[in-house]
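Chain residues, written in single-letter form:
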Amino acid sequence: MRDKAASLPNVQLEQGTVISLFEDKGTIRGVQYKTKDGQELKAFAPLTIVCDGCFSNLRRSLCNPKVDVPSCFVGLILENCQLPCANHGHVILGDPSPILMYPISSTEVRCLVDVPGQKVPSISSGEMAKYLKTVVAPQLPPEVYDAFLAAVERGNIRTMPNRSMPAAPYPTPGALLMGDAFNMRHPLTGGGMTVALADIVVLRNLLRPLCNLNDAPTLCKYLESFYTLRKPVASTINTLAGALYKVFCASPDQARKEMRQACFDYLSLGGVFSAGPVSLLSGLNPRPLSLVAHFFAVALYGVGRLLLPFPSPKRIWIGARLISGASGIIFPIIRAEGVRQMFFPATVPAYYRAPPVK
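Residues numbered from 1 in each chain as written. Predicted model: local features only at pLDDT ≥ 70, side-chain atom pairs only at ≥ 80, totals over all residues. Heavy atoms only, no water.

Asks: Describe the sheet that holds strand S1 (residues 17–24), with residues and values.
Replies: Read from one edge of the open sheet, three strands run S1-S2-S3, paired in antiparallel fashion. Each edge of the open sheet carries a strand with a single partner, namely S1 and strand S3 (40–44). Each strand axis lies, on average, 30 degrees off the axis of its neighbour in the sheet, ignoring direction. (Pairing = 2+ DSSP bridges. Helix = DSSP H or I, 4+ residues; strand = E, 2+ residues; numbered from the N terminus. Axes fitted to C-alpha atoms, helices over the stretch in contact; angles between N-to-C directions.)

Asks: Any chance you could break down the environment of Ser 164 for me, citing the residues and the numbers?
Replies: Checked against the element boundaries, Ser 164 lands in strand S9 (residues 158–164). As a C-alpha pair, Ser 164 and Thr 218 span 54 residues in sequence and 31 Å in three-dimensional space. Leaving out residues up to four positions away in the same chain, Ser 164 has contacts with Lys 66, Val 67, Asp 68, Pro 70, Met 184, Arg 185 and His 186. (Contact = heavy atoms within 4.5 Å.)

Asks: Which residues make up the nonpolar core, and what values do they have?
Replies: Of all hydrophobic cores here, the largest spans 33 residues; its most connected members are Val 247, Met 259, Phe 295 and Leu 322. Of all elements in the fold, only helix H6 (231–248), helix H7 (254–268), helix H9 (288–307) and helix H10 (313–337) reach the threshold of two or more residues within this core. In terms of residue count, the dominant contributor to this core is H9 (eight residues). Residues within four places of Leu 322 in sequence aside, it is in contact with Ala 255, Glu 258, Met 259, Ala 299, Gly 302, Val 303 and Leu 306. (Core = buried A, V, L, I, M, F, W, Y, C linked by side-chain atoms within 4.5 Å. Buried < 20%, exposed > 50% of the residue type's maximum accessible area, 1.4 Å probe, protein only.)

Pasting the structure below:
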């Protein structure tokens, strides 16, 4: 993608490490950066797009970063093995949390083991290898078991914190946040690039009618509509990622166990019961109401299985806790995303911002 952009005649590619944003009287005028040979330079622009990733050191002046780290991914590459369903991604509902596997070439499969919490077993001391062999490996499909153990023995194990952060921007003249520097969700659903590319399309459409970007305050006011227009896609994928992760994590609570199994069986019904969630997951159906409908359909499906054929006081109680637990999962995520922007974007004044006349 970078090479493609650099091949365009109106694009000049400069590579370096950005040290800081260059600010003048409350307006971002450009960046200060260091080249490969250590030279410090400044680059000026009427609009600076800040997209320096999940570990961003530039976003603090542009948003209110409330970063949560619910878990970490432990990554390995499995070689010369076949997944149970060839050419498909796999989510293994392990204990204590999900395991992802998907092919990245004709002979390699990437395996991402979710480890809850911010600390993972030490790789250098051998605790990680022991954990993967004794806790994770017995839960894997037999088709990948030997390849998984071989990958652990090779020792090329990588870890990465899984971060989530709602979008809470400070509209700043001369700058705009994008990508993981702006908004993150649990990577279980792989929605990061979908949101980022959808954001690019929104921004492109906003910038397309403009001939002049030099009036920073006016441009900033106009681009406030970006934060509202992006919400249907971004909030749907963000909410789905957070909700699915919590549902798929193992729990000793019987109601949570029922919800987890109900989610798996609901998707297994096929038809609209799988196509609907997949269209939400992929960003093809950016409708938050559809997400809420499917989520509570899963909960009601789980309650229905509990009550049929003969309800008992214990089953009714578990069903009530299942509905309560489902509400406790999804509503805090929706609240963090912003109820008004998520479900009623047309009521936000910025939604109707017209391009500057100049």
